[in-house]
Amino acid sequence: MAEVRLNAIKKAFGPVEVLHGISIDIASGEFVSLLGSSGCGKTTLLRIVAGLESVTSGSVEIGGRDVTDLPPEKRDIAMMFQSYALLPHLSVAENVRFPLRMRRIGTLDEQRDKVRDALETVQLGHLADRRPNQLSGGQQQRVALARAIVSRPQILLLDEPLSNLDARLREDMQVELIEIHKRLGLTTLFVTHDQEEALSLSDRIILLNKGKIEQEGAPREIYAQPATGYASSFLGAANLVSANITEEAGGPVATLADGQTLPVGEDETRRGPAVVALRQEDVAIKPKGEGVVEGKVRTRVYLGARNRYVIQIGKEEIRVLAPHDLDFERGETVGLAIDPARLRVLTEGE
Amino acid sequence: MAEVRLNAIKKAFGPVEVLHGISIDIASGEFVSLLGSSGCGKTTLLRIVAGLESVTSGSVEIGGRDVTDLPPEKRDIAMMFQSYALLPHLSVAENVRFPLRMRRIGTLDEQRDKVRDALETVQLGHLADRRPNQLSGGQQQRVALARAIVSRPQILLLDEPLSNLDARLREDMQVELIEIHKRLGLTTLFVTHDQEEALSLSDRIILLNKGKIEQEGAPREIYAQPATGYASSFLGAANLVSANITEEAGGPVATLADGQTLPVGEDETRRGPAVVALRQEDVAIKPKGEGVVEGKVRTRVYLGARNRYVIQIGKEEIRVLAPHDLDFERGETVGLAIDPARLRVLTEGE
Amino acid sequence: MTDRAENSLLILPGLLLLVLAFFVPIAQMLMLSVSGENGLTLAHFTRFLSDPYYLNVLWRTVRLSAIITLICALIGFPMAYIMAHVSPRLRLWLVIMVILPLMTSVVVRTFGWMVLLSRSGLVPEVLRDLGLVGRNFSLMQTETAIVIGMVQVLLPFMTLSILGVITRIDSRLEEAARTMGCSFLQTLRTVVLPLSVPGIVAGSLLVFTLSASSFVTPNLLGGARIQVLAASIYRSVTQTLDWPFAAAQAVILFLGIIVLLMPYARLSGRSNG
Amino acid sequence: MVRAVSTPLRIGAVAFVVLTGIFLLAPLVVIVGVSVSESQFISFPPTGFSLRWYEAVLSSDAYLNAAWISIQVALLVTVTSCFVGGAAAIALHRRKLPFSGLLSTLFLSPLVLPTIIYAIGMLMLWSAIFGPVSVLTLWVSHTIITTPYVIRTTLAVLSESDPFLEEAAQTMGASRFQRLRLVVLPQCLPGLAAGTFFAFNISFDEAVLALFLRKPGMTTLPVQIYGQLEFSPDPSVAAVSSIMIGLTVLLIFVIDRMLGLHRFAST
Amino acid sequence: QAETITINSFGGAYEEAHRECILTPFEEKTGAEVRVVTAYSADAFAQLRAQKDAPQFDVIHFSGGQEIVAAQEGLLSPIDEAKLSNAGDVYDFARANLAKGEGPAYSIAAIGLLYNNEAADPKPTAWKDLANEAYADHIVLTDISNGYGMLGFLMINQVNGGDLDNIQPGLDAVSKLLDNGAIVVSTSPEIQQEFAQNDAWIAAYASDYAYTLRKAGLPTAFTQGAEGTPASLITANLVAGRPNQDLALQLIDMSISPEAQACFAEKLRYSPTNAKTELAGEVAADVAYGEEGVKGLIRFDPIKIEANRSAWVDAWNRTIAR
Ligand SMILES: Nc1ncnc2c1ncn2[C@@H]1O[C@H](COP(=O)(O)OP(=O)(O)OP(=O)(O)O)[C@@H](O)[C@H]1O
Ligand SMILES: Nc1ncnc2c1ncn2[C@@H]1O[C@H](COP(=O)(O)OP(=O)(O)OP(=O)(O)O)[C@@H](O)[C@H]1O
Ligand SMILES: [Mg+2]
Ligand SMILES: [Mg+2]
């Protein structure tokens, strides 16, 4: 397949600079997720790879060749648009067949088979003859997905392909995507706002923040070691608590605003005022007296498999995800156990 | 505010019947989520409440009054469309002001304030003067959300309002929604495909399946006691395993296809071939030898806070969500602990 | 091929045709407007521009064109909206109804109007029977007659231009407006109308230019006593054989209309972009 | 939508359509009425009933030849202006060319000048360069005056199209030509259809250019009618017009039956 | 292949008569083919002028005095009288300027008063009668952009005391007629329309048209005004720069032959210009026939008309403008 290399890409819409110099190397056959908050430039980046958007500066290489000025149809890509862009005058099947027709892939019969397969993959075989405007939102999204994967391009660009699907379907589609990816080794660039999806599917995650790369790395790496406040609050939805790090007898200790202290990992070298990132699922709620700090339950939100507690410590609130079999009441004082190794200290202001 | 009552609503698009007689009562101020797989009729139902779609049969009442024939603008509703439906010729601020202008709410200055507030709520204050086509997908979605909540209608209809937002923003928006709902007591009908969202926000959940109500009830109720295979596989993404229920010494027991048995809750009365629903998060993975049944790890998917294991028992595969601190390798044989109380037996074919 | 090349290629046939088969012959004709017995002269222009009679003709032309355009828009917009929202079969019949006037030769059609509007015609007779007008009332040879006759022919240009655009408007936008408290009419005004602007502009440009440059209908319905510029040009060419003056009038008409229409062409441009 | 339009408005709309219909069709009724009149001259209400004028028209070589020529020219013109105008409109719509604003106004200019000026200019130039006029002269000049219609109506429709569609097709490997044919063209259709109809009609009904740019044996129907009216106005001109009205309706009806035009009209 | 010759004719019944009286006999006689373009004088003149580099007409017919301008501009060829066998029989005034390029007149439209002989009471006999209040809003005036209209107006001018150097009396008279409810039309079909539909009683127009209306079943009659009858000459002109002028001359000669003119008069009630033309009594009554009849015709100086046309049209327009 083909590797993709972006060199110092900048992009401005009129006076608004949206991408501030982005460089990415994607190996051939790699599955890369683009993660980042709404409006950070993910779609724009994808469109630049596709050749739909010109760059203000920088260059794009595909398969070792500079394609910055190559039009999209000459790049062997398929892109799924965030707004689907289904052709309204064509039926579902014709929409899906479109890339095959354009790229002259296979005979008519083969094309029909491929279209049928792709529609089966997204579980829409029965709606092949409908027009796009006769479909529900999720159905339209799946047609767009089928259209993107049907032609098996070297490079697959997916812009939030599963956002309108329910969990079950979503999981099915994820499995299909991974399978297709594995079987064909497509280089895939995947935009999602769902961190679990990004973590489970990707070889590598690139975290964008306001048009810059905030952090990149393998899922485990980026999840375990978020480099900045943005990264940690984005992955695993961490709580950010201000604290003062001091050296105590047993090692470094973080003193919270209300005076409570909690031990910090041995190898933490930073001292002084800092921000401590505590991931929601890394804090365990214990009965009062156990744990390293104490807090008061402010609200409990039922999430089915787990509960989310909002716990007040001094003036700050932190959110904690706890298994559903633990049951603490509103107003109760509880202890919080925190594994020092999972707590991350970030210099303030990061 | 106002209660909403749907009486035996049927709806067909030409020959395709989409809703097969739906009756729902929504109390004034209630927050009801509509859940269901893609294409099951959620949007259609919302549109019928809004008055955008005529019914084939049945009637709609709002606040005790039959409104089946009342046009949308005479119903005090606000609806957020799945496709946003932002007016392309108006700026973001004008889009949000639109319902205020139309319903003549407040003076111009008050309207401006409300628009600013609503845009702040969705964190888009800085983009007030842009046109919709200059926004990213998630930004557009938030504008649509702001436009829906700005006029504080009696009835709020939201069609997957948060699907294009990242987890962090999504949580923020959920908090805002709940606050607005609580403060103003708006009757809210909320379509989502995210079960955690539904469970955490709603007073009641209505589960649709192919145009019929599959089950309805409070979040805990519906989560804890899914009535059918569809319901249990939808909420908490349960595994459905065929088994044979027999009466043994210690109480009823389910015999799986490969001969392993696992105890079933005491009060289970069904006997014979059945389907057992096992929720992914209700199965605990233990080292080999512990637990009630054994299986082999086929794949492990990294999800950050937790891992998803696919475990093979005989010929069937089940998926299990386990905390990230447990670590089992592919191919390893593990034991599975299942609380009989959390296991549900469904008659086959349900 | 680049985008630029593609677009150039697309526009090239049209542009070539326009330049070679329109601007060149026209230029040759319009050059006459500055030709005098001894070289270049602006005499023909001063003759026109310093004469209240001709200025009045010009003003009437512009005024009538504007009125005709406005009326066409007032009828055409609702008509197009209705057409876009009825069943396809009914729409077909409505389209036929709107375009039929175009299918009759302009002279013959105008005779139809003359029959209806003249002193003993149907319309004045009815009005007379109703006691609304006097014995000698006739609609013929009035500006009203011109407006009536022109609106009938030009309506399809407006209606079909708008129809094309209205059928493209995403119906969910209208629905969204309704859920936000817009009544049907408000939706028309605040959503459909602004979004139809490109169609209205297109239609208006056609209607305005056509009414400003047509002479048969104004001549027959308005009569010799109500002159419009196009008829005056026609007369200069064929009757008084004063081609330079005809050319000067044409230049004035051309420039006047282009200047008037420039902002509108821009308007459609902006919503195109 | 539920009662999208209230009953009084509906009634209003029906009344509006009916009144507009009366307004549009009244003169045509007069014409049809005149055409079956027995009398020698054009008068209304018709005196007596006879089909002699239809007979006269249908057995007159002059009318039939003229009609045939008009149809040929109009078809040629329609096809050319449809291609030329449609292509130009697409290019103008994309706004990637320098001066596209100015250009789109300039493309209107053939409508602005009274055709007689153009007719004379064209005749002068043509005789100076090519000598005698021919069908080609009429073809070219009719194309000039009909192309603006196609451009305008197509531009208007394109302005409402989804800009992502062409891009999507591009990522699917559609070449420039395929994009034009498979994505842009279907989007243009309603506008192009209207423009094409206008083009046919304008060419078919155009009298001034046809009057000046003609030679023996090349008389179009409008010129023929014009001539008939000027020297011996009789109801035959009304009969011709009535035949044209009837043929239009019939043609649309037949095409609709065969191709389902009404479905087409809904795109 | 037969030689061809291209001419213009005026369409409708005129063209039919033209073909029957002149063209068909001509074709039979010479074996040439005549190709006709239907074009009125004004249009034909414009075409001739624009096509000056490659004229398509061999013979061009004018009824509104265009031959004077055309001859001045060199668009027409001078005619050698010797080459026209019938020239000698044609009244002098109809062949005065052959050498300048103006072709011979082959028929004359007499301008007089057309009236509805059922409604008009009393029947008009003189131009002065137009001022009769009894006709008031039943009078149709013809715009002077129309050739017949111009002659009619000049006649009104003359009976009101004006002449070609002073048309003000005419304008004043017209203005008064208009105030009384007269209407102005500019084409012949409109006159028919007015008579057929709109209760028009009197119009100043040509004799041939009265005949056309009568044939169409309208109760119209024609009278030559007592003060005189302006004549509109219909000329057949030889176009310059065409190859087969000899053939063209033969056609022109044919046009001024007595047979052709008799035929024309018979069919359309045009007055002949050939002194040898023989007409039946009934036809003769409708036209200006014979030396005597022709003497009653008034011929306004065409040179002067051409010189002033522009200014007069301007003045006229201002007078009638509402
Ligand atoms: N115009 C139409 N003609 C035929 N079927 C239609 C039409 N519109 C919608 N449907 C069908 O109706 C069903 C319900 O559609 P609806 O939009 O209500 O689904 P939904 O529950 O909102 O799905 P999603 O979660 O994918 O948005 C779908 O199966 C869809 O295919
Ligand atoms: N035409 C434009 N003019 C100005 N700014 C624009 C334009 N198009 C996009 N932007 C801005 O560029 C930024 C990046 O947009 P982009 O669509 O790439 O975001 P995204 O990361 O895909 O967001 P989302 O997750 O919400 O889809 C956004 O802040 C958006 O407001
Ligand atoms: Mg995006
Ligand atoms: Mg939906």
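Here the structure is a predicted model, which means the values were calculated and not measured.

Q: I'm lost on the overall build of chain C in this one. Help?
A: Counting its secondary structure elements, chain C contains twelve helices and two strands. For chain C, the sequential pattern of α-helices and β-strands runs α-β-β-α-α-α-α-α-α-α-α-α-α-α. If one aligns the C-alpha atoms of chain C with their principal axes, the spans along those axes are about 70 × 70 × 30 Å. The buried share of chain C, taken over its 273 residues, is 63%. A separation threshold of at least 6 residues defines the contact pool for chain C, and within that pool the share at least 24 residues apart is 67%.

Q: Looking at this model, I keep getting lost on the interface of chain C and chain D. Mind explaining?
A: Interfaces are often sized by the accessible area lost when the parts come together. The partner chain D presents 97 residues to the 99 residues of chain C that form the contact. At the boundary of chain C and chain D, one finds three salt bridges. Between C:Glu6 and D:Arg94 there is a salt bridge, with the nearest N and O atoms lying 3.0 Å from each other. The interface formed by chain C and chain D contains eight residue pairs in polar contact (both at pLDDT 80 or more). The element best represented in the side of chain C that touches chain D is helix H1 (residues 3-31) of chain C, accounting for 22 residues. Grouping the amino acids of the side of chain C that touches chain D by side-chain chemistry returns 69 nonpolar, 21 polar and nine charged.

Q: I would appreciate a short explanation of the coordination of the magnesium ion (ligand 4) in the present structure.
A: Six octahedral donors at a metal ideally form angles of 90 or 180 degrees, and four tetrahedral donors ideally form angles of 109.5 degrees. All names here are of chain B. Taken together, the protein donors to the magnesium ion (ligand 4) comprise Thr 43 (OG1) and Gln 82 (OE1), at separations of 1.9 to 2.2 Å. In this pair, Thr 43 is assigned in helix H1 (residues 42-50) and Gln 82 in the loop between strand E6 (77-80) and helix H2 (92-102), connecting sequence segments 39 residues apart. On the basis of relative accessible area, Thr 43 is assigned to the partly exposed category, the value being 22%. When its relative accessible area of 17% is taken as the criterion, Gln 82 is described as buried.

Q: Hey, could you run me through the site of ligand 1 in this one?
A: What surrounds ligand 1 is a group of 17 residues, the closest being A:Ser136, A:Gly138, B:Lys42, B:Thr43 and B:Thr44. Separating a nitrogen atom of ligand 1 from a backbone N or O atom of A:Gln134 is a distance of 3.3 Å. Here an oxygen atom of ligand 1 and a backbone polar atom of B:Gly39 are 2.8 Å apart. Taken by itself ligand 1 offers 640 Å² of open surface, and the protein chains cover 88% of this. Elements that contribute at least two residues to the shell around ligand 1 include exactly helix H4 (137-149) of chain A together with H1 of chain B. For the shell around ligand 1, the class distribution of residues is three nonpolar, eleven polar and three charged.

Q: Would you mind showing me how to read the arrangement of the chains here?
A: Taking contact number as the criterion, the leading pair out of seven pairs of chains in contact is chains C and D. Where chain A comes nearest to chain C, the C-alpha atoms are still 8 Å apart, and the two do not contact one another. Left apart from each other, chain B and chain E have a closest C-alpha approach of 46 Å.

Q: Just checking my understanding: could you explain the sheet that holds strand E1 (residues 4-13) of chain A for this structure?
A: Backbone hydrogen bonds hold the strands of a sheet together, and the pairing may be parallel or antiparallel. Residue and element names in this part refer to chain A. The four strands are arranged E2-E1-E4-E5 in an open sheet whose pairing can be described as antiparallel. Each end of this open sheet is capped by a strand with a single partner; those strands are strand E2 (16-26) and strand E5 (65-66). The strands that helix H1 (residues 42-50) touches are E1, E2 and strand E4 (57-62); relative to E1, the one it contacts most, it runs at about 120 degrees.

Q: I would appreciate a short explanation of the UniProt feature "transmembrane region" (unreviewed entry) in chain C in the present structure.
A: All names here are of chain C. Look at the UniProt record and you will see "transmembrane region" (unreviewed entry) annotated at residues 60-80, 92-116, 145-166, 187-210 and 243-265. Between the C-alpha atoms that bound residues 92-116 there is a distance of 28 Å. The span itself is 76% helix and 0% strand. Strand forms 0% of residues 145-166 and helix 100%; the C-alpha atoms that close the span are 31 Å apart.

Q: It is not clear to me how the site of ligand 2 should be interpreted in this structure. Could you clarify?
A: Every one of the 17 residues lining ligand 2 counts as a neighbour, but A:Lys42, A:Thr43, A:Thr44, B:Ser136 and B:Gly138 are closest to it. Neighbouring residues of ligand 2 are not confined to one chain but are distributed across chains A and B. With respect to ligand 2, the backbone of A:Gly39 contributes an N or O atom lying 2.8 Å from an oxygen atom. Note that a nitrogen atom of ligand 2 is positioned 3.3 Å from one of the backbone N or O atoms of B:Gln134. Notes on ligand 2: free accessible area 640 Å², of which the protein chains cover 88%. When contributions to the shell around ligand 2 are tallied by element, the ones reaching two or more residues are H1 of chain A together with helix H4 (137-149) of chain B.

Q: Got a minute to help me understand the side chain of D:Ser109 in this structure?
A: Residue position: D:Ser109 is located in helix H5 (residues 109-112). Given the relative accessible area of 0%, D:Ser109 is considered buried. At a separation of 2.3 Å, a polar atom in the side chain of D:Ser109 contacts the main-chain carbonyl oxygen of D:Leu106. Those residues in contact with D:Ser109 that sit more than four places away from it in its chain are C:Phe22, C:Phe23 and C:Phe254.

Q: Help me understand the interface of chain E and chain C in this model?
A: Counting residues at the interface gives 33 residues for chain E, matched by 27 residues for chain C. Counting the surface lost from both chain E and chain C, the interface buries some 2,900 Å², and carbon and sulfur atoms represent 47% of this. Contact with chain C buries surface across chain E, with E:Arg49, E:Asp137 and E:Arg322 losing the most and accounting together for 20% of the total. Its salt-bridge partner being C:Asp51, residue E:Arg318 comes within 2.6 Å of it at the nearest N-O pair. Tallying contributions element by element places helix H12 (residues 302-320) of chain E first for the side of chain E that touches chain C, with seven residues.

Q: Is there a simple way to think about the sheet that holds strand E16 (residues 293-302) of chain A in this case?
A: All names here are of chain A. Taken in spatial order, the five strands of this open sheet run E15-E19-E16-E17-E18, and their pairing is antiparallel. Of all strands in the sheet, those with a lone pairing partner are strand E15 (283-286) and strand E18 (316-323), marking the two edges. Each strand of the sheet is rotated relative to its neighbour by a mean of 45 degrees, with strand direction disregarded. Relative to strand E19 (residues 333-338), E16 runs antiparallel, the two sharing four bridges. Paired with Lys 296 across the bridge in E19 is Thr 333.

Q: Help me understand the pattern of salt bridges in this model?
A: Close approach of charged atoms allows side chains with opposite charge to pair. Counted according to the given criterion, the structure contains 56 salt bridges over all chains. A cluster of three or more residues bridged by salt bridges with shared partners is formed by A:Glu73, C:Glu6, D:Arg94, D:Glu166, D:Arg176 and D:Arg179.

Q: Would you explain the environment of A:Gly331 in this entry?
A: Residue and element names in this part refer to chain A. Within the secondary structure, Gly 331 is located in the loop between E18 and E19. In this structure Gly 331 comes out as partly exposed when scored by relative accessible area, which is 39%. Each C-alpha atom of the pair Gly 331 and Leu 189 lies 46 Å from the other, and the pair is 142 residues apart in sequence. With residues up to four places along the chain from it excluded, the contact list for Gly 331 reads Lys 296 and Val 297.

Q: Please explain helix H9 (residues 258-268) of chain E as it appears in this structure.
A: Residues and elements named next belong to chain E. The buried fraction of H9 amounts to eight of the eleven residues, a majority that puts the element mostly inside the structure. Turning to H9, its buried residues are Pro 258, Ala 260, Gln 261, Ala 262, Cys 263, Phe 264, Ala 265 and Leu 268. The inward-facing, buried residues of H9 contact helix H1 (12-30), strand E4 (105-116), helix H7 (207-215), helix H8 (245-255), strand E10 (271-272) and helix H10 (281-286). Positive backbone phi, approximately 65 degrees, marks Arg 269, located one or two places after H9.

Q: How do you make sense of the pairing of strand E3 (residues 31-36) of chain B when you look at a structure like this?
A: The two faces of the sheet receive side chains in turn, since in a regular strand these alternate between them. All names here are of chain B. Most of E3 sits out of view: six of its six residues are buried. A two-sided burial pattern is seen for E3, the buried positions comprising Phe 31, Ser 33 and Leu 35 on one face and Val 32, Leu 34 and Gly 36 on the other. Taken together, the four bridges between E3 and strand E8 (residues 187-191) define a ladder with parallel strand orientation. In the strand pairing of E8, Val 32 is matched with Leu 189. In terms of strand pairing, E3 meets strand E9 (residues 204-209) through five bridges, oriented parallel. In the strand pairing of E9, Val 32 is matched with Arg 204.

Cut-off values and rules
- Residues numbered from 1 in each chain as written.
- Chains lettered and ligands numbered in written order.
- Predicted model: local features only at pLDDT ≥ 70, side-chain atom pairs only at ≥ 80, totals over all residues.
- Heavy atoms only, no water.
- Helix = DSSP H or I, 4+ residues; strand = E, 2+ residues; numbered from the N terminus.
- Buried < 20%, exposed > 50% of the residue type's maximum accessible area, 1.4 Å probe, protein only.
- Contact = heavy atoms within 4.5 Å.
- Salt bridge = Lys/Arg side-chain N within 4 Å of Asp/Glu carboxyl O.
- Polar contact = N/O pair within 3.5 Å; in protein donor to acceptor, adjacent residues only side chain to side chain.
- Nonpolar A, V, L, I, M, F, W, Y, C, P; charged D, E, K, R; others polar.
- Donors = N, O, S within 2.8 Å, 3.2 Å for Na, K, Ca; no water.
- Near = heavy atom within 4 Å.
- Areas by Shrake-Rupley, 256 points an atom, 1.4 Å probe, with all protein chains shown as cover.
- Pairing = 2+ DSSP bridges.
- Axes fitted to C-alpha atoms, helices over the stretch in contact; angles between N-to-C directions.
- UniProt positions renumbered as here; feature names shortened; annotations may be inferred.
- Buried area = accessible area lost by both parts, 1.4 Å probe.

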